[in-house]
Amino acid sequence: NNGQVDPGENPFPGVLVELYLATQTPGVDVPLLTDTTDGSGHYGFEGLVPGDYIVSIPTPPTGYPRSSTVTDPADNREDNDDNGIQAADGGRTSSPVINLASGAEPDRTDGDNANGDLTIDFGFFAPVNLGNLVWNDANNNRQVDPGEAGIDGVLLQLFTVGQDPLVNLPVATDTTSGGGLYEFNGLNPGQYFVYIPTPPASAPRSSDVTDTADNQQDNNDNGSQAAGTGTPVTGPVVTLSSNGEPTTDGDGFNGDLTLDFGFYQPVNLGNLVWNDANNNGQVDPGEAAIPGVTV
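Residues numbered from 1 in each chain as written. Predicted model: local features only at pLDDT ≥ 70, side-chain atom pairs only at ≥ 80, totals over all residues. Heavy atoms only, no water.

**Q** Quick question: what am I supposed to make of the overall build of the chain here?
**A** Counting its regular elements, the chain contains 0 helices and 18 strands. A globule of 295 residues ought to have a C-alpha radius of gyration of about 19 Å, yet the chain, at 30 Å, is considerably larger. Referenced to the eigenvectors of the C-alpha coordinate spread, the extents of the chain come out at roughly 110 × 30 × 30 Å. For the chain, long-range pairs separated by at least 24 residues make up 63% of all intrachain contacts whose partners lie at least 6 apart in sequence. By element, 51% of the accessible surface of the chain is carried by carbon and sulfur atoms, the whole surface being about 15400 Å². Taking the 6 positively charged and 41 negatively charged side chains of the chain as two groups, their mean positions are separated by 6 Å. (Helix = DSSP H or I, 4+ residues; strand = E, 2+ residues; numbered from the N terminus. Rg over C-alpha atoms; globule rule 2.2 N^0.38 Å. Contact = heavy atoms within 4.5 Å. Areas by Shrake-Rupley, 256 points an atom, 1.4 Å probe, with all protein chains shown as cover. Lys, Arg positive; Asp, Glu negative; His and termini not counted. Charge placed at Lys NZ, Arg CZ, Asp CG, Glu CD.)

**Q** When you look at a nonpolar patch on the surface in this model, what are you seeing that I'm missing?
**A** On the surface, a cluster of nonpolar side chains totalling about 370 Å² of accessible area is made up of V273, I290, V293 and V295. By relative accessible area, I290 is classed as partly exposed at 38%. (Patch = residues over 30% accessible without salt bridge, like charges linked within 9 Å, V, L, I, M, F, W, Y side chains within 5 Å. Salt bridge = Lys/Arg side-chain N within 4 Å of Asp/Glu carboxyl O. Buried < 20%, exposed > 50% of the residue type's maximum accessible area, 1.4 Å probe, protein only.)

**Q** Even after reading the chapter, I still don't get the packing of aromatic side chains, so can you show me in this structure?
**A** Two numbers describe a pair of aromatic rings. These are the distance of the centres and the angle of the planes. Counted by the stated rule, this structure contains 7 aromatic pairs. Residues F159 and Y195 carry aromatic rings whose centres are separated by 6.2 Å and whose planes lie at 85 degrees to one another, so their mutual orientation is edge-to-face. One end of the pair, F159, is in strand β10 (residues 155-160); the other, Y195, is in strand β13 (residues 190-196), and 36 residues separate them in sequence. Assessed through its relative accessible area of 0%, F159 is described here as buried. Look at Y195 and you get buried, because its relative accessible area is 9%. Every member of this aromatic cluster is reached through a ring pair, and the members are Y43, F45 and F122. (Phe/Tyr/Trp six-rings, centres within 6.5 Å; stacked < 30°, edge-to-face > 60°.)

**Q** What exactly am I supposed to notice about the environment of L187 here?
**A** Tracing the sequence through the fold places L187 in strand β12 (residues 181-187). A C-alpha to C-alpha distance of 9.3 Å links L187 and V171, two positions 16 residues apart in sequence. Not counting residues within four places of it along the chain, the set of residues in contact with L187 comprises F125, P127, V128, N129, L130, L158, Y192 and L240.

**Q** Just to check I follow, could you spell out the pattern of salt bridges for this structure?
**A** A complete count under the given rule lists 1 salt bridge for this structure. Across the salt bridge formed by R92 and E18, the nearest N and O atoms sit 2.9 Å from each other. Of this pair, R92 sits in the loop between β5 (85-86) and β6 (93-94) while E18 is found in strand β1 (residues 16-21), placing the two residues 74 residues apart along the sequence. For E18, a relative accessible area of 9% translates into the label buried.

**Q** Before we go on, may I ask you to explain the pairing of strand β9 (residues 128-136) in this structure?
**A** Taken residue by residue, a regular strand's side chains alternate between the two faces of the sheet. The element β9 is extensively covered by neighbouring structure, given that 8 of its 9 residues are classed as buried. Examined bridge by bridge, β9 and β12 share 5 bridges and lie antiparallel to one another. Looking at β12, one finds that V128 is bridged to L187. Sheet topology note: the β9/strand β18 (residues 255-264) ladder contains 7 bridges and is parallel. When the sheet's bridge partners are listed, N129 is paired in β18 with G255. (Pairing = 2+ DSSP bridges.)

**Q** I would appreciate a short explanation of the nonpolar core in the present structure.
**A** For soluble globular proteins, the rule of thumb is that nonpolar side chains tend to be buried together. Among the nonpolar cores identified, the biggest contains 20 residues, and V194 and F261 are the most heavily contacted of them. Within the residue set of this core, elements represented by two or more residues are β9, β10, β12, β13, β17 (238-240) and β18. Formed by 13 residues, the second largest nonpolar core is a distinct cluster that contains V17, F45, F122 and F124. (Core = buried A, V, L, I, M, F, W, Y, C linked by side-chain atoms within 4.5 Å.)

**Q** I'm lost on the environment of T234 in this one. Help?
**A** Along the polypeptide, T234 turns up in strand β16 (residues 233-234). Note on T234: relative accessible area 27%, which makes it partly exposed. As for T234 and P165, which are separated by 69 residues in sequence, their C-alpha atoms are 9.6 Å apart. Not counting residues within four places of it along the chain, the set of residues in contact with T234 comprises F193, V194, Y195, N222, G223, S224 and F261.

**Q** Got a minute to help me understand the side chain of T176 in this structure?
**A** Looking at the element boundaries, T176 is found in the loop between β11 (172-175) and β12. Overall, T176 belongs to the buried group, its relative accessible area being 3%. Within the structure, T176 has its side chain in polar contact with the backbone oxygen of I151 (distance 2.8 Å). (Polar contact = N/O pair within 3.5 Å; in protein donor to acceptor, adjacent residues only side chain to side chain.)

**Q** Hey, could you run me through the sheet that holds β12 in this one?
**A** Each strand in a sheet pairs with another by means of backbone hydrogen bonds, the pair being arranged parallel or else antiparallel. Taken together, the 4 strands give an open sheet; going across it, the order is β12-β9-β18-β14, and neighbouring strands pair in mixed fashion. Among the strands making up the open sheet, the edge pair consists of β12 and β14 (205-206).

**Q** Help me out: how do you make sense of the environment of S206 in this one?
**A** As for its position among the elements, S206 is in strand β14. With a relative accessible area of 5%, S206 lands in the buried category. Through-space distance from the C-alpha of S206 to that of Q265 is 9.0 Å; in sequence the pair is 59 residues apart.

Structure (structure tokens):
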């Protein structure tokens, strides 16, 4: 979703593209011409009268409902960048007004002659999501074991790389429910990290980290805790991309639900060294504690 055609990004065949006069309203008036993208994602309208036009796509490609970030909001004749402005309801995507004039079109960058503009391109992507579990890692082995319960009521904040949780507002927030589950939905592809400002009171210590990077392994701990029990916990940087997420976590290839956080309640051990005068292995009346012993 950078608004540019990058190596390895695939074209969409079979997408309906409509051409309108600039005086028409896309989706209301009858289009002047229509075309459908070929196997290489290309479309074209030929034999036009010089004038002002709008190119419009009434329906995004299946599975990719969002228009990319617009990098060419006007007809600046730069190729391989996104020209689509999507309607607020997420449906129709249209170009800016395009002025076509004989002998005045970009003949150096788009492979056409001076009578054609082949720079009007449209990018689409699928929103991505991130989640999904905060749990009581009772034995602190950093793995979700049978019988270990999720923890509800934990606040999680989502930030983009470069933000400071102590300074910047989060991109999104969620609170665990339904057995310790959380999820951030409808995200733009990009790099994020999850921040837990306050661990659960019932289990304030983060488990030892086993997954300090985004290796997309599910049901293990991803949280790094600042020094001391009860301090904030930060997840690793996660790179989310359309059609690039793990399919083993139950939500298809546009979501990463493997970012989990384990917490436990610290425990204590003690407590007596004494003079077992009769050597019966029991603390009997009158048998004294022995101070100053290093344990």
